[in-house]
Each structure stands twice: as structure tokens, then as C-alpha cells.
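Topology and contacts: notes
The chain contents come next:
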Amino acid sequence: LTLDVFLISFDATQFYASMSNAANEWAFHLFLWSYLIVAFFILLNIFLAILVDAYAAVKQETQEAAGLPDELKMVLLHGIKRRTVDSGRFVSDQNLLKVLEGLRDNLRGTQKLKSEVKSALSHRQAVLLPGGVELDNIGMARIAKEAGAAGKKPPTATSSGKVMATDSMVAEEGGKAGSTQDSLQREVMELAQQDVVLDLMARFGQDVGQRSGQHNTEVLDIVQVENLRNQLCMFNAQGRMLREQQRVIGLMEVLAQGSVPPDMLREYEEQAEEEQRPGETVIGSISVHIKQGDRLPRMDMFRDCDPYLITYLDSAEKDEVHRTAPQRKERNPKWGDEAKYTWDLLSMTKWLTITVMDKDQVTKDDIVGCVNIDVTSLPFDKEVTKWHHLENPAITSKLRESRLQVSVFKAS
């Protein structure tokens, strides 16, 4: 495309005429075609890099997603169950959507009510007294009643012109049948809504929510400072203890060099070094033969599986990791002597890990799955051959039928 564009826009009367005077003809052609080739390959590499990055991103996104056949199968099964299965045994997506929409509407109303209540509580007015005492409208109404304040509530008339009894009269009549405490409580509740109490709250009241938030912040700062001070004191004490221990050890070494024979002192040092080493001993050997794989999944969209193995035994004396060569386009691979390994069996050995990888030419290699074999559960001096299912949480649906045949012999 670059060459075509250049040749179409090429004007020999201007470009060639100006360049022919600048250099010889062979130098001109060498420069021209070298520039075209270099520019072509640079643009080609940029284009390929963009394609590779886009392919890797799409592959990562679609690796865990279900394919089109699986989605069609799920849609068909859902439609059949919706029409054949009783509603008491199967809930369709449509019914579930209706219920969720109803719950969502109710949830919105509940959330709005909660936010309003929370906002009202956060801006609650109260009179703060020394000692942490809070007085709300009811408390200020009791104080105002003791101070002689009384609520004003005029009588109301009916349509016939008769005057109805006020609440105070009703309270007096109810007091004859009820308790005096109830009538006093009713009076206090009525007084709490009168102008006299509202005026007291306006003059002396404070926003409890704002003050509480400020108080919590102050308390948190004090606690953090106290924790920091305790940590500094602990570190200082540990430093003093460490220096004291080093001083005592130095004095003991000086005393030991002067009183203990050199041979005995050297023996003590070697014994101390052996005690610090991890207690791993060889208790036998283990031989592993990975024979074959069965129904490995396709990891790429357009390519088949190119599997190879990575085998590792923990707590080995040498960190030996064995790797086989990739087998191209083989979903049922078989390994011969290439996948036979032997290790010394240590007392701390527990797991044999076999990882199946998929070789990629463009992107990084994919992990197909892993097999973890508990070596401690295997018997000694007996060869155990078994099929093991591959495990990979990222692609569980693809590994339902994938497995490896592994033979393990643990010799004592």
C-alpha cells in the first residue's frame, strides 16, 4: 500500500529532476528503494503489533466466557423448562425479573426513608451540659415546666356553638380514672412543641451529629497517638533487651574461650550449626512416569492444543524442574521416556505438581491445568498408576473431561 501510494503520487518532472542534480543516478535509486523498503517493514511491524495486542486482549476476555453453542443450549433448555415444568419447581428468568423489579422499587423507597431518618438524626438538636448530659425537647420541657412555663392551647368550638373541652380538661378527667404520671407525661409532651421550649432549644441547643463526628475524630486521633507511643516504647525496650543479650553473649564467649578447651568449644559450635539446619532426611526415592493425556481443551480460537509438561517435587534437595518438548496439535498426547523422572524422597516431601502448558507462537503460553499428587498418601514399594483430572479455576468448564495418566513408585 505504501509503495502504491508513492508510485501514484510520483511526479518525475519535479522529484526526479531535483534529485538527479543532488546525486548520481545509482545513489538516487539506492536511496529511494531503501527508503521504501524500510518504511514498508516498519509500518508492517506496527500493524502486526496492533493485531497481536488486540488478539491477546480478546483472548483473555473470552477465555472464561461460555461459547455460542453453550449459550444456545442454555436458552433452549430454559424455554423447554418454562413451558413443561411446574412453576412451583422452576422459576423462569421472566418471573425472576418481575420479582427483582418489584423488590428494587421497594428498596428505593426504603433507602430513601432510611436516608431521611439518618439525616434527621444526624442534625438532631440538644442542649449539652457538663459531664456528657444531653437534654432534648422533652428534657427542656420538664425544666420549663418546673420554671412555671405552661403551654397555650385555646378551646375550640363545634358547629353548634358549644365549646369543646380542651386537652387540659380531658387530662383532668382522665386523671381521675388513670394515673397522675400519665397526665404529667402528656403535659410535658405538649409543652415540648410550644414556643417556649423551641426558643430555649434555639438559644442553647447544638447540632449533636456534627459535634459527635468532631468528638469521634478527636478520640481517633488520641487513640492513634497513644498506639504510636506504645509502639515506640516497645521498640525501645526490645532494642535495649537485644543490646543486653549481645553484651551477655560476648561476656560468655570470652569466658568460654578462657576456660573451655578448644576441641570442646569447636564441637559445641558445630552442634549448634546442625541444630539450626532444617531437619530433612532422605527416607527413600520416588519415580514418576507421566504416560499420556486425554481430551485436553483447545486454548486458542484458531489453533489446536500444543501441550508440554512442567513437573516439580517440593522439598527436593535440588530445585529440579523438568520440562518436556511441546507436541504440536495434539489433544491426546503420549509421553515416553521423556516424562520419566526420579528424585530422592525427603521427610518433608509432600506434593508432586504436574502442570500442562499450551505452547503459543505469538502470545505467552497458556496454563491448561495442574495435577497435585499427595506423596505422603502413597504406599511404599508399590507402583500406583491412576488417571488424575486437571484443575484450573479459570477454565473449569473446559476441563470436565481432561485428565492425565500418571504412574508413581515410592521406594523405601
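Going by the structure above, here's the rest.
Residues numbered from 1 in each chain as written. Predicted model: local features only at pLDDT ≥ 70, side-chain atom pairs only at ≥ 80, totals over all residues. Heavy atoms only, no water.

1. Re the sheet that holds strand E3 (residues 206-207)
The strand order across the open sheet built from 3 strands is E2-E1-E3, with neighbouring strands paired in antiparallel fashion. The sheet terminates laterally at strand E2 (133-135) and E3, the two strands that pair on one side only. Relative to E3, strand E1 (residues 125-129) is paired through 2 bridges, and the arrangement is antiparallel. Bridging across to E3, alanine 126 finds its partner in glutamine 206. (Pairing = 2+ DSSP bridges. Helix = DSSP H or I, 4+ residues; strand = E, 2+ residues; numbered from the N terminus.)

2. Notes on the packing of aromatic side chains
For any two aromatic rings, the description comes down to two numbers: the centre-to-centre distance and the angle of the planes. Inspection of every chain in the model, using the stated rule, returns 1 aromatic pair. Ring centres of tyrosine 341 and tryptophan 343 lie 6.0 Å apart, and the angle between their planes is 45°; on these two criteria the pair is classed as tilted. The exposure classification of tyrosine 341 matches that of tryptophan 343, with both residues buried. Of note, arginine 403 hangs over the ring of tryptophan 387, and the distance from its end group to the ring centre comes to 4.1 Å. Above the ring of phenylalanine 380, the side-chain terminus of lysine 410 is found at 4.3 Å from the ring centroid. (Phe/Tyr/Trp six-rings, centres within 6.5 Å; stacked < 30°, edge-to-face > 60°. Buried < 20%, exposed > 50% of the residue type's maximum accessible area, 1.4 Å probe, protein only. Lys NZ or Arg CZ within 6 Å of the ring centre and 35° of its normal.)

3. Considerations on the sheet that holds strand E4 (residues 282-294)
Strands sit in the order E7-E4-E11-E10 across an open sheet of 4 strands; the sheet is antiparallel. The two strands at the open ends of the sheet, each matched to only one other strand, are strand E7 (340-346) and strand E10 (383-389). Looking at each pair of strands side by side, their axes are set apart by 25° on average, direction ignored. In this sheet, strand E11 (residues 403-411) lies alongside E10 in antiparallel orientation, the contact comprising 7 bridges. If you follow glutamate 383 over to E11, its bridge partner there is phenylalanine 409. (Axes fitted to C-alpha atoms, helices over the stretch in contact; angles between N-to-C directions.)

4. Focus: the pairing of strand E5 (residues 307-313)
Within a regular beta strand, the side chains point alternately toward one face of the sheet and then the other, so they alternate between its two faces. Summarising burial for E5: 5 of the 7 residues are buried, a large majority. Here E5 runs beside strand E8 (residues 351-358); their pairing, made up of 7 bridges, is antiparallel. Its bridge partner being in E8, tyrosine 308 is matched across the sheet by methionine 357. For E5 and strand E6 (residues 321-323), the ladder comprises 3 bridges, and the chain directions are antiparallel. The partner of tyrosine 312 across the bridge, within E6, is valine 321.

5. Some remarks on a nonpolar patch on the surface
On the surface, Ile37, Phe40, Phe41, Leu44, Phe47, Leu48 and Leu51 cluster together into a nonpolar patch covering about 640 Å² of accessible area. For isoleucine 37, the location among the structural elements is in helix H3 (residues 25-62). (Patch = residues over 30% accessible without salt bridge, like charges linked within 9 Å, V, L, I, M, F, W, Y side chains within 5 Å. Areas by Shrake-Rupley, 256 points an atom, 1.4 Å probe, with all protein chains shown as cover. Salt bridge = Lys/Arg side-chain N within 4 Å of Asp/Glu carboxyl O.)

6. Details of the nonpolar core
One finds Ile290, Leu352 and Leu404 to be the most contacted residues of the largest nonpolar core, which totals 27 residues. When residues of this core are traced back to their parent elements, those giving at least two are E4, E5, E7, E8, strand E9 (366-374) and E11. Ignoring sequence-local partners within four residues, the contact set of leucine 404 consists of Gln292, Gly293, Leu309, Trp335, Ile354, Val356, Val371, Lys386, Trp387, His388 and Leu390. Of all hydrophobic cores here, the second largest spans 12 residues; its members include Leu135, Met140, Ala144 and Leu200. (Core = buried A, V, L, I, M, F, W, Y, C linked by side-chain atoms within 4.5 Å. Contact = heavy atoms within 4.5 Å.)

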